[in-house]
Amino acid sequence: MNRIALKMLMGDRGKYFGIVMGLTFASLIMTQQPAIFVGLMTRTFSFISDVGLPDIWVMDAKVQFVDDIKPLQDTELYRVRGISGVEWAMPMYKGLLKARLTDGTFQTCNVVGLDDTTLIGGPPVMLAGRIEDLRRSDGIIVDIDALKEKLAKPSGTPNGKPIQLQIGDSLELNDHRAIIVGIAKVTRTFQSQPVIYTTYSRAKSYAPKERKLLSFVLVKAKPQQNLTELSQRIRKNTGLAAYTQQEFMDLTYQYFMKNTGIPINFGISVLLGFIVGAAIAGQTFYNFTLENIRQFGVLKAMGTSNWTLLRMILLQAILVGLIGYGMGVGLTAWFGYAMRNTILAFRFPWQLLVFSGAGVSLICMFAALLSIVKVIRLEPAIVFKG
Amino acid sequence: MSAIAVHCQNLVKIYATGNQKVTALNGINLDIAQGELMMLVGPSGCGKTTLISVIAGILDQDDGVCELFGQNILKMRSAEKLKFRAQNIGFVFQAFNLLPALNAMENVSVPLIINGVRRQTAERQAAAVLEQVGLGERRKSLPAELSGGQQQRVAIARALVHSPRLIVCDEPTSALDHESGRNVMTLLKDVALHKDRTLVIVTHDARIFEFADRMAKMDDGHIVNVSGSKPLHEAL
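Residues numbered from 1 in each chain as written. Chains lettered and ligands numbered in written order. Predicted model: local features only at pLDDT ≥ 70, side-chain atom pairs only at ≥ 80, totals over all residues. Heavy atoms only, no water.

Undergrad: What is the right way to look at the pattern of salt bridges in this model?
TA: Oppositely charged side chains may form a pair once their charged atoms are brought near each other. Residues and elements named next belong to chain A. By the definition in use, this model includes 25 salt bridges over all chains. R100 serves as the salt-bridge partner of E172, at 3.9 Å between the closest nitrogen and oxygen. Taken together, the residues span a long stretch of sequence, with E172 in strand β6 (residues 170-173) and R100 in strand β2 (residues 86-100) at a distance of 72 residues. Given the relative accessible area of 29%, E172 is considered partly exposed. Under the relative-accessibility criterion, R100 is labelled partly exposed at 35%. In this structure, the salt-bridge partner of R177 is D138, at a minimum N-O distance of 3.8 Å. Placement of the pair is R177 in strand β7 (residues 176-185) and D138 in the loop between β4 (125-128) and β5 (139-143), with a sequence separation of 39 residues. (Salt bridge = Lys/Arg side-chain N within 4 Å of Asp/Glu carboxyl O. Helix = DSSP H or I, 4+ residues; strand = E, 2+ residues; numbered from the N terminus. Buried < 20%, exposed > 50% of the residue type's maximum accessible area, 1.4 Å probe, protein only.)

Next up, the structure:
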């Protein structure tokens, strides 16, 4: 009977295609939109995850997320270094500075100042040059996306492509000369501003004069040191906030979740996708059953049990569900692949596969349930009605 | 001597729609012998289709007794009834009711598959029955590729393939032209009917009355007259 069920399903190509397309659409929306959401939310803490070496980030107690910089006095660095369990502690400057481009326009950049000696907290991947080149006079390392896009030189010809800056080119950061000595690949940040690395002392010279300029203290714990205990000790002794890398990422993530409309906007998209997909697929599948009701009646009259008919409908629902889900997820994966080199935020963890799989299963169950109720209540005597 | 295939005694069936009640069968008494071709005739709404539905075991009567080959279907449990129907009854419908996505051979094999026969075996047997009804060459054709007469022959093959003891036909010729209708009736009479198999045909089509062994004329839920070439005792 399974073969008959499949032939019934695929016999009317138009309807079959309609059901599969409905489920594909639902599955696509339920994976693609959350994938963009996850990508976007990942960017909120990408700066933290890019700085891999430190165990603990120390900052002002009022900091709410990574870009909410409340600078400290440099002396705080020495207080942190004095706490037992700290292997080393290094300063980091993070701030927004304006870069003047060759055509006279300005671009706000995320300037990161690394400890002059150790250069801890540098870019995760160097594409050209070496991180040690930061020690050269006026040296900066710039991320590749910024060099290609926001910091690129305008083309000499109208409508021409902008020209990527190269090592040796210069910028003006807050009226200070800066020479590009390296090109790095960094994970795009939430605001997608160019990321510029330099030394801590040079960053301070670029920044507007303030009494406090230390953004973070990056701490490495001694071996076998319990990170939670060390964080507590730092908090207790300095009055500053101290988070492990994961805690700081969570803090930032939670800030964006609670204080921006991003989750609700994407939630609505996903919900709408689910509802529209359920409506299209559910109604098409139910209509398919209604149109085949006489055929089910014939099978019932000829002695097919309700259980067998139920299995046939479930098989049909599972098949269209699997195909629709596979196509939706495949399209999402293709979308992500096609957009991999663009500004679009996209991340497709396995949990999304489970999420959309559960969504499509729900839709199929709903559609199958409607059909099953109809077929089980069906009087086989309808076969004799004209 | 043949036995009674269908025994109906004081059959009553009432349809209730809201406050209205319609008595479709009002004390039907009818016996049909094995090997007999019985036609149920009468005006629209007289209860023919209800009677054939009760006889085929796909509709329960409200009162009275209907026995098929000595067994009271109403007293059977649901699973037993399904099995009994699957093994003993073949159906031929006015609108053919073939599954449009299946070819002729697959359509004919459906009753065998319902009875648990393996697909390959079922299709082999279906092909043999299609040969019998003269459609061996068209066994791979979809219903939409066949004429009305050919579709009805496929439906007859489907009704025959599992060797049921009773075949119920609902207006088998009304959707066909005169010649196709006669061909279908000839086929039913020659191939479907034999001493162990009974045919009950509901029809309006006066052109095929001559094929009946007996005719039961119905009106307003009653059988008003049973006539035919053979009285029941002769059929028995």
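Undergrad: Before we go on, may I ask you to explain a nonpolar patch on the surface in this structure?
TA: Residues A:F25, A:V276 and A:I280 make up a contiguous nonpolar surface patch of about 210 Å² in total accessible area. If you trace the backbone, A:V276 turns up in helix α9 (residues 262-291). (Patch = residues over 30% accessible without salt bridge, like charges linked within 9 Å, V, L, I, M, F, W, Y side chains within 5 Å. Areas by Shrake-Rupley, 256 points an atom, 1.4 Å probe, with all protein chains shown as cover.)

Undergrad: Honestly, the domain arrangement of chain A in this entry has me stumped. Any pointers?
TA: Quoted interface sizes are often the accessible area lost when the parts come together. All names here are of chain A. The assigned domain composition of chain A is domain 1 (2-44 + 261-384) and domain 2 (73-239). Taken together, the contacts link six residues of domain 1 with four residues of domain 2. Counting each side, the surface lost to burial between domain 1 and domain 2 is near 520 Å², with a carbon and sulfur contribution of 65%. At the boundary of domain 1 with domain 2, the tally comes to zero salt bridges. (Domains from an automatic or database assignment. Contact = heavy atoms within 4.5 Å. Buried area = accessible area lost by both parts, 1.4 Å probe.)

Undergrad: Mind showing me how you'd approach empty space enclosed by the protein here?
TA: Regions of empty space are outlined by a rolling probe, equal in size to a water molecule, passed over the atoms. Residues and elements named next belong to chain A. Inspection of every chain in the model, using the stated rule, returns seven cavities of 30 Å³ or more. There is about 90 Å³ of room inside the largest cavity. Lining the largest cavity are 13 residues; nearest its centre among them are D143, D145, R188, S192 and Q193. Looking at the lining of the largest cavity residue by residue, the classes come out as four nonpolar, four polar and five charged. (1 Å grid on protein atoms, 1.4 Å probe; cavity = no way out; pocket = protein on both sides within 12 Å on 5 of 7 lines; lining within 4 Å. Points joined across faces, edges and corners; volume = space filled by probe spheres on them. Nonpolar A, V, L, I, M, F, W, Y, C, P; charged D, E, K, R; others polar.)

Undergrad: Where do I start with the interface of chain B and chain A in this structure?
TA: Each partner contributes to the interface: chain B provides 25 residues, whereas chain A provides 21 residues. When chain B packs against chain A, close to 2100 Å² is buried across both sides, 71% of that on carbon and sulfur atoms. Here chain B and chain A share three salt bridges between them. Among the salt bridges present, the one from B:E106 reaches A:R3, with a minimum N-O distance of 3.3 Å. Taken together, the links from chain B to chain A amount to four residue pairs in polar contact (both at pLDDT 80 or more). Elements with a contribution of two residues or more to the side of chain B that touches chain A: α1 (48-55), α2 (78-88), α3 (104-114), α4 (119-132) and β7 (166-170) of chain B. For the side of chain B that touches chain A, the element with the most residues is α3(B), which contributes five residues. (Polar contact = N/O pair within 3.5 Å; in protein donor to acceptor, adjacent residues only side chain to side chain.)

Undergrad: Whenever I open this one, the packing of aromatic side chains confuses me. Can you help?
TA: Describing an aromatic ring pair means giving the distance of the ring centres and the angle of the ring planes. Applying the stated rule across the entire model yields twelve aromatic pairs over all chains. For the pair A:W57 and A:F216, a centre-to-centre distance of 5.2 Å together with 80° between the ring planes defines the contact as edge-to-face. Residue A:W57 is located in strand β1 (residues 56-59), and its partner A:F216 is located in strand β9 (residues 216-221); the two are separated by 159 residues in the primary sequence. Per residue, the accessibility class of A:W57 equals that of A:F216, and both read buried. Measuring from ring centre to ring centre gives 5.6 Å for A:F216 and A:F248, while their planes differ by 65°; the resulting arrangement is edge-to-face. On the criterion of sequence distance, the pair formed by A:F216 in strand β9 and A:F248 in helix α8 (residues 245-259) is long-range, its members being 32 residues apart. Judged on exposure class, the residue A:F216 and its partner A:F248 are both buried. A:K94 extends its terminal NZ or CZ atom over the ring of A:F47, reaching a point 5.0 Å from the ring centre. Above the plane of the ring of B:F69 lies B:R165, whose end atom (NZ or CZ) is 4.0 Å from the centre. (Phe/Tyr/Trp six-rings, centres within 6.5 Å; stacked < 30°, edge-to-face > 60°. Lys NZ or Arg CZ within 6 Å of the ring centre and 35° of its normal.)

Undergrad: Is there a simple way to explain unusual backbone geometry in this structure?
TA: Of note, the phi angle at A:L119 is positive, near 60°, even though the residue is not glycine. Within the secondary structure, A:L119 sits in the loop between β3 (106-114) and β4. A:L119 sits in the buried class, given a relative accessible area of 6%. We note that B:D220 has phi near 55°; this positive angle belongs to a residue other than glycine.

Undergrad: Quick question: what am I supposed to make of the packing of helix α10 (residues 293-301) of chain A against helix α11 (residues 306-338) of chain A here?
TA: All names here are of chain A. Interhelical geometry of α10 versus α11 gives an angle of 145° and a closest axis separation of 10 Å. Our pair here, α10 against α11, has a crossing hand that is right-handed. Residues F296, L299 and K300 of α10 lie in contact with α11, whose contacting residues are N306, L309, M312, I313 and Q316. (Axes fitted to C-alpha atoms, helices over the stretch in contact; angles between N-to-C directions. Left-handed = near helix turned anticlockwise from the far one by under 90°.)

Undergrad: Even after reading the chapter, I still don't get the sheet that holds strand β1 (residues 4-17) of chain B, so can you show me in this structure?
TA: Sheet strands line up and pair through hydrogen bonds in the backbone, either parallel or antiparallel. Residue and element names in this part refer to chain B. Spatially, β2-β1-β4-β5 is the arrangement adopted by the four strands of the open sheet, whose pairing is antiparallel. Here the strands that pair on one side only, and so sit at the sheet edges, are β2 (20-33) and β5 (71-72). Across the sheet, α1 is in contact with β1, β2 and β4 (63-68); its angle to β1 comes to roughly 120°. (Pairing = 2+ DSSP bridges.)

Undergrad: I keep staring at the sheet that holds strand β3 (residues 37-41) of chain B and nothing clicks. Help me out?
TA: Residues and elements named next belong to chain B. What the six strands build is an open sheet, ordered β6-β7-β8-β3-β9-β10; its pairing is mixed. The open sheet has two edge strands, β6 (89-92) and β10 (222-228), and neither has a second partner. On average, each strand axis in the sheet is inclined to that of its neighbour by 20°, with strand direction left out of account. Sheet analysis places β7 next to strand β8 (residues 198-202), joined by five bridges and oriented parallel. Within the sheet, the bridge partner assigned to I167 lies in β8 and is L199. Each of β6 and β7 is contacted by α2, which is oriented at about 65° to β6, the strand it contacts most.

Undergrad: Sorry if this is basic, but what is going on with the pairing of strand β8 (residues 195-199) of chain A here?
TA: In the case of a regular strand, side chains alternate between the two sheet surfaces. Residues and elements named next belong to chain A. Burial analysis of β8 places five of its five residues in the buried class, which makes it a mostly covered element. The sheet contact formed by β3 and β8 spans five bridges and is parallel. When the bridges of β8 are listed, L114 appears paired with T199. Taken together, the two bridges between β5 and β8 define a ladder with antiparallel strand orientation. Directly across from I141, in β8, lies its bridge partner Y197.

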